[in-house]
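Here is what each chain is made of, one letter per residue.
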Amino acid sequence: MRQVLTSLALAVLTIGLLAAAPRAAEPLKVVATFSILGDMVTQVGGGAVEVVTLVPPGGDAHSYQPAPKDAQAIAAAGLVVVNGLRMEGWLDRLILASGTRAPVVVASSGVKPLIMGDEGGSGAKAATDPHAWQNLANGQIYVRTIAEALANADPANADGYRRRADAYVKELADLDRWVHDQIDQVPPAKRKVITSHDAFGYFAKAYGITFLAPSGISTESEPTAAGLGKLTNQIKAEHIKALFLENMTDPRLLAMLAKDSGAVIGGTLYSDSLSPAGGPADSYVAMFRHNVPALAAAMQKN
Ligand SMILES: [Zn+2]
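Calculation criteria
- Residues numbered from 1 in each chain as written.
- Predicted model: local features only at pLDDT ≥ 70, side-chain atom pairs only at ≥ 80, totals over all residues.
- Helix = DSSP H or I, 4+ residues; strand = E, 2+ residues; numbered from the N terminus.
- Contact = placed C-beta atoms within 7 Å.
- Axes fitted to C-alpha atoms, helices over the stretch in contact; angles between N-to-C directions.
- Left-handed = near helix turned anticlockwise from the far one by under 90°.
- Nonpolar A, V, L, I, M, F, W, Y, C, P; charged D, E, K, R; others polar.
- pLDDT = per-residue confidence, 0-100.
- Pairing = 2+ DSSP bridges.
- Buried ≥ 20, exposed ≤ 12 C-beta atoms within 10 Å, placed from the backbone.
- Right-handed = clockwise from strand over helix to strand, strands pointing away.
- Core = buried A, V, L, I, M, F, W, Y, C linked by C-beta atoms within 7 Å.
- Domains from an automatic or database assignment.
- Parallel < 35°, antiparallel > 145°, perpendicular 65-115°, else oblique.

### Description of the overall build of the chain
Along the chain, the regular secondary structure elements total 10 helices and 10 strands. Within the chain, contacts between residues separated by at least 24 positions form 65% of all contacts whose residues are at least 6 apart in sequence.

Here it is in structure tokens:
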């Protein structure tokens, strides 16, 4: 009898200890506004986070129309990661509607913003360029900012977030040197590219390329006929052959431009959105590995 009681007591004690022991922690729910930020959060967060990306791969984060499930995802989130620099004009209302109290981190904090002049093909007035991630030096700032926000939201895993951020920042610094090496092989006079909208301002400045685009820094601005005519003449006069589609914009405009100017469409660039998983640009790093050799090869034909 005593033996049975002791076993029973041991069993009760064991159950008690099991109940008191911390269960495997729930992952931190993080909402990222678009796929490039979603990938950065995944790289830094590892298994400690569960990431929901609002704008799907191939979607346009400038003109996104949120769905009711997006407000639900934000309401359930422990952290919301946004680009800022006026990229997500639709976001403030969504956050308000969700009633969330989760901290909202602006990944571009600490980046020096580029102000676009009104000399672009669209004739748009000066505005802040949101595409700061297209410079890998800025990408490293994004990663540090995201890592600190994760560490604050989930202090138990702070060491892991910072360790993964260190490794990822090193990878991005190596990639940055590789991009410079690739572009440096193109003679400076040939470094001119046409794209659908002005998504490569930071890339252009960082790596020494001139990008010309019929649309402005937002896909929401329509190019004018006069702006298009001017751009067509420039393509002809400067013998620019490198003309690229973007994965998230309407291809018809560039097709028309190619026809009028005699330039050839050299492929697709990933600017504001990644490809679906398994595609040619399904991570922030893969996006540069895809875009840069395509750009370099097309510019050599200028
Ligand atoms: Zn854009």
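### A closer look at the packing of helix α3 (residues 68–76) against helix α4 (residues 91–98)
Running from amino to carboxyl end, α3 crosses α4 at an angle of 65°, the nearest separation of the two axes being 8 Å. As for the relative orientation of α3 and α4, their crossing is right-handed in sense. Between α3, through Asp70, Ala71, Ile74 and Ala75, and α4, the contact on the second element is made entirely by Leu94, Ile95, Ala97 and Ser98. A per-class count over the contact of α3 with α4 returns six nonpolar, one polar and one charged.

### Details of the environment of Gln300
Along the chain, the position of Gln300 falls in helix α10 (residues 284–300). Sequence separation between Gln300 and Ala189 is 111 residues; the distance between their C-alpha atoms is 9.9 Å. Not counting residues within four places of it along the chain, the set of residues in contact with Gln300 comprises Val186 and Lys190.

### Concerning the confidence of the model for the chain
Here the chain shows a mean pLDDT of 88. Residues at 70 or above account for 89%. Scored below 50 in pLDDT, residues 118–124 shows 25 contacts in the model against residues more than four places distant or in partner chains.

### A short note on the sheet that holds strand β1 (residues 28–34)
Strand order across the open sheet formed by four strands is β2-β1-β3-β4, with parallel pairing between neighbours. Every other strand in the sheet has two partners, leaving β2 (49–55) and β4 (104–106) as the edge strands with one partner each. Put simply, the sheet's adjacent strands are angled 25° from each other on average, direction ignored. When strand β3 (residues 79–82) meets β4, the two strands line up parallel, connected through three bridges. Within the sheet, the bridge partner assigned to Val80 lies in β4 and is Val104. Seen against the sheet, helix α5 (residues 136–153) touches β1, β2, β3 and β4 and runs at an angle of roughly 170° to β3.

### Side note on the pairing of β2
Within β2, five of the seven residues are buried, which leaves it mostly tucked inside the rest of the structure. Relative to β2, β1 is paired through six bridges, and the arrangement is parallel. From the neighbouring strand, Lys29 faces β2, where its bridge partner is Glu50. Taken together, β1, helix α2 (residues 35–45) and β2 constitute a β-α-β crossover, and its handedness is right-handed.

### Description of the pairing of β3
The side chains of a regular strand alternate, first on one face of the sheet and then on the other. Neither face of β3 is exposed, since Leu79 and Val81 on one face and Val80 and Val82 on the opposite face are all buried. With three bridges connecting them, β1 and β3 associate as parallel partners. Note on β3: the bridge partner recorded for Val31 is Val80. Regarding the hand of the β-α-β motif, the stretch spanning β3, α4 and β4 is right-handed.

### Quick look at the nonpolar core
Judged by nonpolar contacts, the single largest core of 81 residues is most densely connected at Val81, Ile146 and Ile194. When residues of this core are assigned to their parent elements, the largest contribution, nine residues, is made by α5. Inspection of this core shows a minimum of three residues originating in each of domain 1 (28–172) and domain 2 (184–300). Apart from the residues within four sequence positions on either side, Ile194 is in contact with Leu212, Ala213, Ile235, Ile240, Ala242, Leu243, Phe244, Leu257 and Ala263.

### Comments concerning the packing of α2 against α5
Taken N-terminus to C-terminus, the directions of α2 and α5 make an angle of 60°; their axes are 10 Å apart at the nearest point. Comparing their axes, α5 and α2 come out oblique. Like other packed secondary-structure pairs, α2 and α5 cross with a definite hand, here right-handed. Facing α2, whose interface residues are Met40, Val41, Val44 and Gly45, α5 presents Tyr142, Val143, Ile146, Ala147 and Leu150. Of the residues that constitute the contact of α2 with α5, the class distribution is eight nonpolar, one polar and no charged.

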